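Understanding the architecture of this molecule
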Amino acid sequence: MSEQNIIEIKGVEKRFGSFVAVSDLNLTLKEGEFFSLLGPSGCGKTTALRIIAGFQDHEEGEIRINGRTMGEVPANKRPTNMVFQSYAIFPHLNVGDNVGFGLRKTKLSRNEIKERVAEALEMVELGGLQDRKANELSGGQRQRVALARALVMRPKVLLLDEPLSALDKNLREAMQLEMRRLQQKLGITFVMVTHDQYEAMTMSDRIGVMFAGQLKQVDRPEVLYSQPCNREVASFIGGMNFLDAEVTAENSESLEVNVQGFGQMTIGVNPNVQVHDKELLVGVRPEQLEISAEKPDGYDALVQGEVSDVAFYGESVHYYVRVDGLKDSIAVAVPNYFHTVDHSRGDTVWLGVQSASVIDLGKRESLGGEK
Amino acid sequence: MSEQNIIEIKGVEKRFGSFVAVSDLNLTLKEGEFFSLLGPSGCGKTTALRIIAGFQDHEEGEIRINGRTMGEVPANKRPTNMVFQSYAIFPHLNVGDNVGFGLRKTKLSRNEIKERVAEALEMVELGGLQDRKANELSGGQRQRVALARALVMRPKVLLLDEPLSALDKNLREAMQLEMRRLQQKLGITFVMVTHDQYEAMTMSDRIGVMFAGQLKQVDRPEVLYSQPCNREVASFIGGMNFLDAEVTAENSESLEVNVQGFGQMTIGVNPNVQVHDKELLVGVRPEQLEISAEKPDGYDALVQGEVSDVAFYGESVHYYVRVDGLKDSIAVAVPNYFHTVDHSRGDTVWLGVQSASVIDLGKRESLGGEK
Amino acid sequence: MAGVLRSETGKGLALSAPATLYVGLLVAVPLCILVAYSFWTQTYVEIDRKLTWANYQEAFTDPLVRHLMIRSVAIAGAVTLATVCLAYPIAYFIAFRTQKKTLWLLLITIPFWSSYLLRVFSWKLILGFNGVLNSALISLGLIQEPLTFLLYNEFAVVLTLAHAWAPFAILPIYVSLQKIDRSLLEAATDLGCSKLERFVRVTLPLTVPGIIAACLIIFIPTVGDYVTPALVGGSQGKMVANLIQVQFGAANNWPLGATLSLLAMLSVGCVAIVFVVAVTALGRRIR
Amino acid sequence: NAADLTVFDWSGYEDQGFYGDYVEKYGGAPSYTYFGSVEEAFTKLQSGFEADLAHPCTDALRKWVAADMIKPIDTSKLENWDKLMPKIKEVDGITIDGQTYMVPFEWGNTGLIYRTDMISADDVSLQLLADPAYQGKVAIPDAASSAFAMAALATGASSYTDMSDEEFQKAGDYLRAIHPNVRFYWSDAGQLDQAIASGEVTLGWGWNQSELNLIWNETPAVMMRDVDKGIATWVCGYVHLKSAKQSDEQVYDMLNALSSAASGKYIIESWGYAHANEDAFAQADPELIETYGFSDVDSFFEGSLFFDAVNPELEAKMLKEFERIKAGF
Amino acid sequence: MTKVIRIPWLAVYAIAYLVFLYLPVLLLPLFSFNDGTIVAFPLKGFTLKWYAQLGQQDTLLQAMVNSLIVGSVTALMATSLGLFAARAYVRYRFAGRELSEGLVMLPLVIPGIIVASSMLVLFISIGLKPSLTTVILGHVFVALPFSVSIMKSAFDDFDQSLEEAAFDLGESVVGTFRRVTLPIVAPGIIASLLVTFTVSFDEFVLAFFLSGNSPTLPVYIWSQIRFPAKLPNTLALGSLLLLSSVLLLLIAEYFRRRSIQSSD
Ligand SMILES: Nc1ncnc2c1ncn2[C@@H]1O[C@H](COP(=O)(O)OP(=O)(O)OP(=O)(O)O)[C@@H](O)[C@H]1O
Ligand SMILES: Nc1ncnc2c1ncn2[C@@H]1O[C@H](COP(=O)(O)OP(=O)(O)OP(=O)(O)O)[C@@H](O)[C@H]1O
Ligand SMILES: NCCCCNCCCN
Ligand SMILES: [Mg+2]
Ligand SMILES: [Mg+2]
């Protein structure tokens, strides 16, 4: 990643009629950065990506790519390539011609094109499928063709709209690695839309979380995870137990809070939160809670409850624990150390938490539901 | 889940030209079971589902649903309903009419239909959207309409082709819970194709893992996770470190093995493995390894190595450790207890493992790559 | 300028401009001539350019005009109905039941690459007195005397035109059938529809645009056809276009011809609009 | 250049046998542009179409002259003018107000053609067309002037071009009486031939070329040439258009070639049409002349009805009435 | 297991319909061998003279060539114009769209004679002499509504992102159109070409008014119909035309199959 700014977006706004799909978007990306846009369905991720690509005009604001203002530059002249959410595989062309489509415009010879196509197909594990017809591909295969078709162009900026969503786990992980490797090797800037938080976290240098057209927080994955700016962002990245709390005392670095169920503790101030209030919301990640049949030692706060549900996630087991006085069950994630499930529904258990695990989420607000 | 067999598939084979898409499929499902088909892209999941639904004829084998042979029964007469991978929302009908489409064939009165439609839409969180036009829906909304349209028919068997793949995390989790609840309430048998292992594991009673047209293993999620029948299956469900081992002694219950790097230990025989050999392959799940800077106590085997990579997954951190003499790095997953990363690239660390965590994966074989 | 061309309106106008301008320029002249003539009068070869309603008066009071107008619309309606009903299954066949689509499309258009007049001659041979049909029936012993109701009546007009318009109905319907996503049909089957129900509830509504295109393409020109009725319609087959044709030809009364044309265009337009609205509404009512 | 001269004509008349002298002199044929009916030709010319010569029939001439489309013919430049049959040259329209406008070319009859194997020569008459026994067995032209000419003959009107109201009424009634018998109103001659040949229609009002065609196809059919029972004669020819661009010399060379006896012989023998040049009949094969019905031309010149221009008001009335009759009103 | 034999009703209907379509045109060849000038039963006897005479029928052959030229050019022009217009109508919402759509359909309703005579006036006044060119201009006018309606239904539901993808891969607007849009709407284009060619090939009124010294086939046949004696020549020509179309089709199909086989 260099220090050069490759994309600068300033105050971009896009309206469909009176509906604001993207509002006041500001974002600067460094050359070679891997950036992800994360957010619920319909929040405007695709729209934002299409504005960068040049497929969607915008009402306000400015976009610069590689130092050049993009106002009058049409999509085919921008140094970007895109992997479409709907794949957009050309139905009349076979796999090889789909991937080689853009290269035909370049000065490459036939043989070079052939080689580049073969190479790109190898990269997405579709080597040798050059002659398959588009309608004979499975969903995942189509997505990989779309990816290869954009990668083969070696653009300055690669825009990806949920590029891996139809892939199975192994392939997805392999592709994630491969894309990351490629990105670093070629120095391409990646802007990826995804709704897979793990994908976003493992691949990205930075993640932007979007809700209802607005970019709510842009940060490194660890920061996003440990210091989300509000309830929405917190719940969108990883699981989170939300608890009401009351601030009893505060200074610039820490808060004295009384957390529902768990009682009094001292927690750090979250620098990303904008408004604090007596009525505080705090969160605890499921994996940062200790669950045990016996009362555990060495925790800053403890609470007792009853296991209401157990879910097996493979590498971990999730227990849902009902605690008197709390509206929602508390989720606890326990690593699957020995292929055993230690507590079953109805068991009475203790939950322990360290105050360092309790995240300040700012002023409590009633949230409108998203559809 | 009752003891009644609802679906019996015997020796079904489907070829496209010379390409075998599904080969020798054998499967028996119990009434009320939630069954998932998991497998890499292009392995034949959709094809298998379409054969059950009656949209795809097959060259060999027999299918019985609810005790009846389906050979001559057309799709519209089968007691199944399907949620299509491409949604297949009728573009000329609004949401309400799409969902009510199949009910018009029944003897229900207009009002009853209206009620059932409203109920189904509530179920998928689209309540009140009856009058929306099909082309005014976002990707996620279309998928939910497709789900409601099939659910409202209350079929004996519901077939779902990646029903939640277009949904964002929060909605997907909510829908998973809702679908599971509904399935149990209505007693419908679900057959779901998914490529999300977590989805499969948390929702399903049993999971079938498919590779290249063949069903390799059918089991409960926990069994699949702890006793996968071979390398492919093991790697498809969760992460897995594969290690070469040599059998030095064996009996019907346990094996004395010398594991590359870790040395001698005694492990349990995996009942799902078909062929054992001196040349054994064993596996260890990343979360079942201990990583620490100091040599840890109480483990059956230890090995030293160097951290080559660190990946942040939110609820856990993955360390990749290079061990002398081993081809691949060993992955270790550590729960993200305190929002801290304890080891960084280049650190020398100890890895500890209990022999109970080491999984017997049978005869070592050179594997051909899957597409 | 570049900015204008990038907006929806700009692109739309730019793309449709060639066709619009082409038709616009060429249509303006005839339309103006038509309207102007309808308010003029003519005696022998002299045009009297004083504006008058006389032609309209004549057209509205003459029961012959009304009679022919209604008959024209009725015959054109019957032709349209027959053609589209006969053509739909073929379009369906080509779209869904055969791989050789282009071959079939050519097969159904080739017969029309011979002269129209010659084909009408042939129809007379088939339906006529000593025609193919009568000869066949007689040799089969089904009839003694040749049937005379086959030719020179409305039936013959409808049949001949249903033949003549066949590719014009098949092609648009084929195009709209071809586009139907196969998974929609599977979804309908999955929800319990038999093939017939699936057709009525999914396929048919989805092809409404093609059906409308076919109907308009056939109905509108048929109302204005005067050749076919004259050739196979016999003494019963006269339509309003024959009357118009006489005004422009033998009668050399362009003003009356123009007036009748305008009225015919208006009626056709009204019928077409009512039709499109009705079919669209009907398509929507199928659930 | 031969092809610089343009002739506006029915198709078929580009036959080089019709103007051999022109071909000889200019080394080729003129260019031809085709029309299907004289009315079409009139409309196209009125819209501005340009040509040197056109080929209408006499009944249209007054209208063409009134529309100021054609130039008078300088008969002194016509080598064959004197050899053209006087009776033909007298037909209304060829000369108007002392000016000659057309060089008559071919002529023929319009009459009742009937199947001799189904109707005897004694029984046949124009009145037979209205006989209920012939329901669906009759065809008449889809042209008001021709139909009213036939009606005038059948009802004994004094004049066809200037009928009195009473005569007009009678003619109309006659056509109305025929209407139920009419199988179709023919718009091209082939339609009539086809129907008579197949026996679908047994008698119809048509042109002599239909009779010819039936003869050539060995159909037992003939035209009723009895002047007392009613027969009509038509004359067509070439006119010099005002829009002509070619030199008079070339135009008149063509007119001379067309009206020569050699052309006449050719058209009589190989087309079966009568020609305006008297000498042509002397040179042509008498046997053919006999077969084609032109052995005794004088007799039907006397008693035949010629298609003169009908007075415009009456023509309009005829057209209107004919439309009503055809519609069953 | 008893195998139920299913009758492919639709295929049976398709064959029956083909018979319906071809019955009239197959009588043309029959009568082109008939030794008589009247096209009516009973047949008179076998002859090849109508074919033999064809060689001398320069005008008839020329008329056919003219019609083929006019038909092909008309089909190309009308389909191109229709293609662009339909694209605009389906894809963009713009001021004047409905007006333009209505206007383009107008040629269907205006009587041919009016269109024809006023076009002749117009063309002559701008110095355009009646010729095949003017006929083509006229035919494009009447064929346009056909191509627009067909192309409109072809563009309905066209997946926008395909064009965007091509554009994104660096293709120009024109290149995108040629390499992606065209092949995908190919069925519509073929349908439109076929229909507009057919419209032009059979059109008489405009061709009559707008053709100068080079008539199209319908004009020639129309004017000749007054001479039924010449009809059999036309039948012979029509039969040859039919035969060559079918032959062309079979040859094309043969090569298509061969190319498929060799690519396997
Ligand atoms: N052409 C359009 N006209 C009107 N509204 C639109 C249009 N395109 C998108 N929208 C609306 O804009 C909002 C943002 O759409 P967008 O496609 O950017 O969402 P997204 O974040 O990509 O969602 P998903 O994850 O489901 O793909 C949605 O509410 C959508 O309904
Ligand atoms: N009509 C067809 N003709 C030829 N091959 C086909 C056809 N349909 C599917 N296939 C092939 O069959 C295999 C299985 O396809 P299927 O759609 O069942 O895969 P899938 O497991 O559902 O994959 P995905 O998860 O990507 O949807 C694929 O390799 C595909 O390319
Ligand atoms: N009104 C009678 C006209 C007869 C015309 N006959 C045309 C024959 C072709 N020269
Ligand atoms: Mg999106
Ligand atoms: Mg699939």
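Residues numbered from 1 in each chain as written. Chains lettered and ligands numbered in written order. Predicted model: local features only at pLDDT ≥ 70, side-chain atom pairs only at ≥ 80, totals over all residues. Heavy atoms only, no water.

**Quick word on the overall build of chain E**
Looking only at helices and strands, one finds 12 helices and 0 strands in chain E. When the helices and strands of chain E are listed from N to C terminus, the series reads α-α-α-α-α-α-α-α-α-α-α-α. Referenced to the eigenvectors of the C-alpha coordinate spread, the extents of chain E come out at roughly 80 × 70 × 35 Å. Of all 264 residues assigned to chain E, the portion counted as buried reaches 59%. Of all intrachain contacts in chain E linking residues separated by at least 6 positions in sequence, the fraction that spans at least 24 positions is 71%. When the accessible surface of chain E is totalled, it reaches about 10600 Å², and 69% of it is carbon and sulfur. Here chain E contributes 17 positively and 15 negatively charged side chains, and the mean placements of these two sets differ by 8 Å. (Helix = DSSP H or I, 4+ residues; strand = E, 2+ residues; numbered from the N terminus. Buried < 20%, exposed > 50% of the residue type's maximum accessible area, 1.4 Å probe, protein only. Contact = heavy atoms within 4.5 Å. Areas by Shrake-Rupley, 256 points an atom, 1.4 Å probe, with all protein chains shown as cover. Lys, Arg positive; Asp, Glu negative; His and termini not counted. Charge placed at Lys NZ, Arg CZ, Asp CG, Glu CD.)

**Digging into the coordination of the magnesium ion (ligand 5)**
All names here are of chain B. Within the protein, the magnesium ion (ligand 5) binds to Thr46 (OG1) and Gln85 (OE1); these donor distances fall in the range 1.9 to 2.5 Å. Placement of Thr46 in helix α1 (residues 45–53) and of Gln85 in the loop between β6 (80–83) and α2 (95–100) is noted, with a sequence separation of 39 residues between them. Judged by its relative accessible area of 26%, Thr46 falls in the partly exposed class. When its relative accessible area of 31% is taken as the criterion, Gln85 is described as partly exposed. (Donors = N, O, S within 2.8 Å, 3.2 Å for Na, K, Ca; no water.)

**What to know about the site of ligand 1**
Residue and element names in this part refer to chain A. The environment of ligand 1 is formed by Phe16, Phe19, Ala21, Ser41, Gly42, Cys43, Gly44, Lys45, Thr46, Thr47, Gln85 and Glu162. Here Cys43 contributes a backbone N or O atom positioned 3.2 Å from an oxygen atom of ligand 1. Here Lys45 contributes a side-chain N or O atom positioned 2.8 Å from an oxygen atom of ligand 1. Calculation on ligand 1 without its partners gives an accessible area of 640 Å², and the protein chains cover 65% of this total. Residue assignment for the shell around ligand 1 shows that the elements contributing at least two residues are β2 (19–30) and α1 (45–53). By residue class, the composition of the shell around ligand 1 is 4 nonpolar, 6 polar and 2 charged. (Near = heavy atom within 4 Å. Polar contact = N/O pair within 3.5 Å; in protein donor to acceptor, adjacent residues only side chain to side chain. Nonpolar A, V, L, I, M, F, W, Y, C, P; charged D, E, K, R; others polar.)

**With respect to the pattern of salt bridges**
Working definition: two side chains of opposite charge can pair if their charged atoms are close together. This structure, assessed with the given rule, holds 58 salt bridges over all chains. Where Arg345 of chain A meets Asp309 of chain A, a salt bridge forms, and the shortest distance between an N and an O atom there is 3.2 Å. Of the two residues, Arg345 of chain A sits in the loop between β18 (330–335) and β19 (348–353) while Asp309 of chain A sits in strand β16 (residues 301–312), which places them 36 residues apart along the sequence. With a closest N to O distance of 2.4 Å, Glu163 of chain E and Arg87 of chain E form a salt bridge. Of this pair, Glu163 of chain E sits in helix α7 (residues 160–168) while Arg87 of chain E is found in helix α3 (residues 58–91), placing the two residues 76 residues apart along the sequence. Accessibility classification places Glu163 of chain E together with Arg87 of chain E in one group, the buried group. Within this structure, Lys238 of chain C together with Asp142, Glu323 and Lys326 of chain D form a network of salt bridges that share partners. (Salt bridge = Lys/Arg side-chain N within 4 Å of Asp/Glu carboxyl O.)

**Details of the environment of Met201 of chain B**
Its place among the elements puts Met201 of chain B in helix α6 (residues 197–203). Classification of Met201 of chain B by relative accessible area gives buried; the value is 3%. Separated by 82 residues in the primary sequence, Met201 of chain B and Gly283 of chain B have C-alpha atoms spaced 20 Å apart. Excluding its chain neighbours within four sequence positions, the residues that come into contact with Met201 of chain B are Phe312, Tyr313 and Gly314 of chain A together with Ile207, Pro221, Tyr225 and Ile237 of chain B.

**Remarks on the UniProt feature "transmembrane region" (unreviewed entry) in chain E**
With numbering aligned to this structure, UniProt lists the feature "transmembrane region" (unreviewed entry) at residues 7–31, 68–90, 102–126, 132–151, 184–211 and 231–252 of chain E. With 92% helix and 0% strand, residues 7–31 of chain E has end C-alpha atoms that lie 36 Å from one another. (UniProt positions renumbered as here; feature names shortened; annotations may be inferred.)

**Here's the deal with the site of ligand 3**
All names here are of chain D. Close to ligand 3 lie Trp10, Tyr13, Cys57, Asp59, Glu106, Trp207, Gln209 and Trp234. Taking Asp59, its side chain carries an N or O atom lying 3.3 Å from a nitrogen atom of ligand 3. Within the side chain of Glu106, a nitrogen or oxygen atom sits 2.4 Å from a nitrogen atom of ligand 3. Coverage of ligand 3 by the protein chains reaches 92% of its 340 Å² of free accessible surface. When the residues that make up the shell around ligand 3 are grouped by side-chain class, the tally is 5 nonpolar, 1 polar and 2 charged.

**Things to note about the interface of chain D and chain E**
Each partner contributes to the interface: chain D provides 39 residues, whereas chain E provides 33 residues. Of the roughly 2800 Å² buried between chain D and chain E, counting both surfaces, carbon and sulfur atoms make up 60%. Summed over the shared surface of chain D and chain E, the number is 12 residue pairs in polar contact (both at pLDDT 80 or more). Elements represented by at least two residues in the side of chain D that touches chain E include exactly β1 (6–9), β2 (31–34), α2 (38–46), α7 (189–198) and α8 (208–216) of chain D. At 6 residues, α7 of chain D tops the list of elements feeding residues into the side of chain D that touches chain E. Split by residue class, the side of chain D that touches chain E holds 15 nonpolar, 17 polar and 7 charged. (Buried area = accessible area lost by both parts, 1.4 Å probe.)

**Describing the environment of Asn109 of chain D**
All names here are of chain D. Along the chain, the position of Asn109 falls in strand β7 (residues 103–115). It is 19 Å that separates the C-alpha atoms of Asn109 and Gly12, two residues lying 97 residues apart in sequence. Residue contacts for Asn109: discarding those within four places in its chain leaves Gly206, Trp207, Asn208, Met223, Arg225, Ile231, Ala232, Thr233, Trp234, Phe294 and Phe300. Of the polar contacts made by the side chain of Asn109, one reaches the side chain of Thr233; its length is 3.2 Å.

**Quick look at the sheet that holds strand β18 (residues 330–335) of chain B**
Residue and element names in this part refer to chain B. In space, the 5 strands of this open sheet follow the order β15-β19-β16-β17-β18, with antiparallel pairing throughout. In the strand order of this sheet, the two ends are held by β15 (290–292) and β18, each with one partner. When the angles between neighbouring strand axes are averaged without regard to direction, this sheet yields 45°. For strand β17 (residues 316–322) and β18, the ladder comprises 6 bridges, and the chain directions are antiparallel. Its bridge partner being in β18, Tyr319 is matched across the sheet by Val332. (Pairing = 2+ DSSP bridges. Axes fitted to C-alpha atoms, helices over the stretch in contact; angles between N-to-C directions.)

**Quick look at α1 of chain B**
All names here are of chain B. In terms of burial, α1 is a largely internal element, 8 of the 9 residues being buried. Among all positions in α1, only Lys45, Thr47, Ala48, Leu49, Arg50, Ile51, Ile52 and Ala53 are buried. Downstream of α1 by a residue or two, Gly54 has a phi angle that is positive, lying close to 95°.

**Here's the deal with the packing of aromatic side chains**
Evaluated as defined, the whole model comprises 66 aromatic pairs over all chains. Here the aromatic rings of Trp53 of chain C and Tyr56 of chain C are separated by 5.6 Å at their centres, their planes lie at 65°, and the arrangement is edge-to-face. The exposure class of Trp53 of chain C is exposed, given its relative accessible area of 59%. Classification of Tyr56 of chain C by relative accessible area gives buried; the value is 12%. Ring geometry for Trp10 of chain D against Phe35 of chain D: centres 5.0 Å apart, planes inclined by 55°, an arrangement best described as tilted. In this pair, Trp10 of chain D is assigned in the loop between β1 and α1 (20–26) and Phe35 of chain D in the loop between β2 and α2, connecting sequence segments 25 residues apart. Under the relative-accessibility criterion, Phe35 of chain D is labelled buried at 1%. Residue placement shows Arg179 of chain E over the ring face of Phe101 of chain A; its charged tip is 3.7 Å from the ring centre. (Phe/Tyr/Trp six-rings, centres within 6.5 Å; stacked < 30°, edge-to-face > 60°. Lys NZ or Arg CZ within 6 Å of the ring centre and 35° of its normal.)

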